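Close look at the chain arrangement
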Amino acid sequence: MSENYARSVLRVSVAQICQVLGWDAVQLSACDLLSDVLDRYIQQLARSCHRYAELYGRTDPVLSDIGQAFGLLGVSLSELEDYVNHLEPTGCPQSTHLFPVAKSSTLQFPSPREERREYIPDYLPPLVSLQEGRTAS
């Protein structure tokens, strides 16, 4: 389901790019093909960024990793900057939700109203304090 949502948002983005470039219409098959190409390109760019970050001993990529990944894919950063500066900004025609949707946690975190003894660390589950109360009575 999340892949279908991502695919539909990507299809809308590709249609917007085509409209900004001056196209009046695009066939559905061509839009799907361009969406697939953009999807693979973004995945390849993300993999390259991740590899450069790991190469330099980081867990999260930084801007220099993205620049090197663009260089690996043959994109000149100066040309990309010129393109972005001469492009008209367009907004998203529909509101997009946070993606992926956060799920409720089923872990047993202690509730704020529960009293803990001073010697019990906060990261332990509430079962410890419940078990102590049962053995004491």
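Residues numbered from 1 in each chain as written. Predicted model: local features only at pLDDT ≥ 70, side-chain atom pairs only at ≥ 80, totals over all residues. Heavy atoms only, no water.

Quick look at the overall build of the chain
Selection criterion: For the purposes of this entry, the term helix denotes a DSSP run of H or I that reaches at least four residues, the term strand denotes a run of E that reaches at least two, and both are numbered from the N terminus. Relative accessibility under 20% of the residue-type maximum defines a buried residue, over 50% an exposed one, and the middle range a partly exposed one, all with a 1.4 Å probe and only protein chains included. By definition in these notes, contact holds between two residues if any of their heavy atoms fall within 4.5 Å. Only the protein chains shown count as cover for residues, with accessible areas throughout obtained via the Shrake-Rupley method and a probe of 1.4 Å.
Within the chain, the regular secondary structure consists of five helices and zero strands. Reading the chain from its N end, one meets helices and strands in the order α-α-α-α-α. Looking at the chain as a whole, 12% of its 137 residues are labelled buried. Across the chain, contacts joining residues at least 24 apart in sequence account for 41% of those joining residues at least 6 apart. Carbon and sulfur atoms make up 58% of the accessible area of the chain, which amounts to about 11400 Å² in all.

Points about the packing of helix 2 (residues 28–55) against helix 3 (residues 63–72)
Rules: For helices, the fitted line uses only the C-alpha atoms of the stretch in contact; every axis is such a line through C-alpha atoms, and the angle between N-to-C directions lies from 0 to 180 degrees. Orientation labels follow simple angle bins: below 35 degrees gives roughly parallel, above 145 gives roughly antiparallel, 65 to 115 gives roughly perpendicular, and whatever is left gives oblique. Two helices that cross are described as forming a left-handed crossing if the nearer one is turned anticlockwise from the farther one by less than a right angle, and a right-handed crossing if clockwise. Under the grouping applied here, Gly and all other residues not named as nonpolar or charged are polar, the nonpolar ones being Ala, Val, Leu, Ile, Met, Phe, Trp, Tyr, Cys and Pro and the charged ones Asp, Glu, Lys and Arg.
It is at 8 Å that the axes of helix 2 and helix 3 come closest, and there the two elements cross at 125 degrees. On the basis of the axis angle, helix 2 is oblique to helix 3. Seen along the crossing, helix 2 lies across helix 3 with a hand that is right-handed. Contact residues: Y41, L45, S48, C49, Y52 and A53 in helix 2; D65, I66, Q68, A69, F70 and L72 in helix 3. Considering only residue class, the contact of helix 2 with helix 3 consists of nine nonpolar, two polar and one charged.

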